[in-house]
Amino acid sequence: MSENTPATTIAKPKPSLSDRVRKLATQPEAGSFTLLVGAIIVFTLLSTTFISVGNISNLMAFTPELGMIALAMTLLMTAGEFDLSVGSVFGFAGVMMWTLANETSLGIELAFIIAMAIGIVIGLINGLLVTRLRIPSFLVTLGMLLVVRGAALYLTAGFPQNTWRAESLLLEIIVGDFFVPTPFGDVRVFMSLLWFVAFTVLLGYVLMGSRFGNWIQAAGGNPMAAVARGVRVSRVKISLFMLTAAMASFAGITSSIRVQTANPNAGFQYELEVIAMTVIGGTVLTGGKGTIIGTVIGVLLLRIMRNGIVMVGVPGLAYNIFIGGIILGMMALHSYVAQRQRAMA
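A few points on the structure.

So, how was this worked out
- Residues numbered from 1 in each chain as written.
- Predicted model: local features only at pLDDT ≥ 70, side-chain atom pairs only at ≥ 80, totals over all residues.
- Heavy atoms only, no water.
- Helix = DSSP H or I, 4+ residues; strand = E, 2+ residues; numbered from the N terminus.
- Buried < 20%, exposed > 50% of the residue type's maximum accessible area, 1.4 Å probe, protein only.
- Polar contact = N/O pair within 3.5 Å; in protein donor to acceptor, adjacent residues only side chain to side chain.
- Contact = heavy atoms within 4.5 Å.
- Salt bridge = Lys/Arg side-chain N within 4 Å of Asp/Glu carboxyl O.
- Arc of directions from axis to C-beta.
- Phe/Tyr/Trp six-rings, centres within 6.5 Å; stacked < 30°, edge-to-face > 60°.
- Patch = residues over 30% accessible without salt bridge, like charges linked within 9 Å, V, L, I, M, F, W, Y side chains within 5 Å.
- Areas by Shrake-Rupley, 256 points an atom, 1.4 Å probe, with all protein chains shown as cover.
- Lys, Arg positive; Asp, Glu negative; His and termini not counted.
- Charge placed at Lys NZ, Arg CZ, Asp CG, Glu CD.
- Pairing = 2+ DSSP bridges.
- Expected span 1.5 Å × (residues − 1).

**Side note on the side chain of Glu273**
Secondary-structure assignment places Glu273 in helix α12 (residues 270-281). Of the residues examined, Glu273 reaches a relative accessible area of 9% and is grouped as buried. For Glu273, the side chain forms a polar contact with the side chain of Arg306, separated by 3.4 Å. Every residue in contact with Glu273, bar those within four places of it in the chain, is listed here: Leu66, Leu302, Arg303, Arg306 and Tyr319.

Listed below in structure tokens is the structure:
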């Protein structure tokens, strides 16, 4: 062959439809998305009011509050840790803000700032105990769960704290509402839904499109190798504990304004539901891999399941049975997919 003869290039064959479907099926979000679509179809067929304007408004009212915590928990779990105190912080933040607003001369704005600051300090303490003293996050946050819940109960003597609708721009920004006209009626939308969407976009970029996101995944996947490459794993984890506590505080304050009561028992067992949302969505419990989109799907799936089983007449106490079954099924599916991917590698 002459030196002047151009080399022929062999074009790579385009992936077939079956290859694309197989690739999509191995994504961590695929199983939870399939369950979400199936749940919507089943509940729509079994209940004529499931897709009504009123029920959709209710779903959009309380879903963002747990969703905010789940987004932050996704980053923390990707870094190889988790926080069992988020439910207690959720209840404590609302109690603290309204206690300061009702029993002191502080305005609602300053009370909000102090409550948020205390929540962030709680996260800082969790992070320091985990990273500096090498105590497992399970034990640290379990202890903090009891401390914070006890503090909320002590402050209120176990009774809900009265709230009030102040003429405050801050309250409107946090949880103001408006109506969106549709052919089927006006859908009520709270500002918390817009906050949830904004946090989803922001944290999705942080995890998947930023250098800090690479540090998070490295800290959870192989912390020793991450340290060797210059990643400050302890600082990453401390910042994520603070973020998770801040998000739990903001969600708790949002809930207290929306329902017009600050209950010291608010957020009971939310930590388990939040972890379930992230795991069902595809975030690996042991760290290293996380997905914000999967978490959003997990949030929608669990809240729709809770709402749907009540709409079709199933006792609400049966909710945990369904969620436990879904978690076990998703864990089995994720394990199967991981084994197939290792076998094909």
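From this point, the narrative continues.
**Side note on the pattern of salt bridges**
Throughout the structure, instances matching the rule amount to five salt bridges. For Glu65, the salt bridge goes to Arg258, with nearest N and O atoms at 2.7 Å. One end of the pair, Glu65, is in helix α3 (residues 53-78); the other, Arg258, is in helix α11 (residues 233-259), and 193 residues separate them in sequence. Arg303 is the partner of Glu273 in a salt bridge, and the nearest nitrogen-oxygen pair spans 2.9 Å.

**Focus: helix α9 (residues 211-221)**
Along α9, the residues that are buried comprise Gly213, Ile216, Ala219 and Gly220. Taken end-on, α9 shows its buried residues confined to a sector of 125°, consistent with a single buried face. Exposed residues on α9 whose side chains face more than 90 degrees from its buried face are Arg211 and Gly221. Residues of α9 that are buried make contact with α3, α8 (191-209), α10 (223-228) and α11.

**A closer look at the packing of aromatic side chains**
In this structure the tally under the stated criterion is six aromatic pairs. Geometrically, the ring pair formed by Phe43 and Phe50 is tilted, given 5.6 Å between the ring centres and 45° between the ring planes. Relative accessible area serves as the criterion here: at 7%, Phe43 is assigned to the buried category. Through a chain of ring-to-ring contacts, the aromatic side chains of Trp195, Phe199 and Phe250 assemble into a single cluster.

**Points about a positive patch on the surface**
A surface patch of like charges, here positive, comprises Arg132, Arg134, Arg232 and Arg235. By the secondary structure assignment, Arg134 is in the loop between α5 (108-132) and α6 (137-156).

**Digging into the pairing of strand β2 (residues 177-182)**
Where β2 lies against strand β3 (residues 185-190), six bridges are found, and the strand directions are antiparallel. Within β3, the position partnered with Phe178 by the bridge is Val189. What sits between the antiparallel neighbours β2 and β3 is a turn of two residues.

**What about α5?**
Its 25 residues place the ends of α5 36 Å apart at the C-alpha level, agreeing with the 36 Å of an ideal helix rising 1.5 Å per residue. Looking only at α5, the buried set comprises Ile108, Ala111, Phe112, Ala115, Met116, Gly119, Ile122, Gly123, Asn126, Gly127, Val130 and Thr131. Contacts made by the buried residues of α5 are with α4 (86-103), α6, α7 (169-175) and α11. Once α5 ends, the next one or two residues include Arg134, with phi positive near 60°.

**A few points about unusual backbone geometry**
The phi angle at Arg134 is positive, at roughly 60°, despite the residue not being glycine. Note on Arg134: relative accessible area 66%, which makes it exposed. Of note, the phi angle at Gln260 is positive, near 60°, even though the residue is not glycine.

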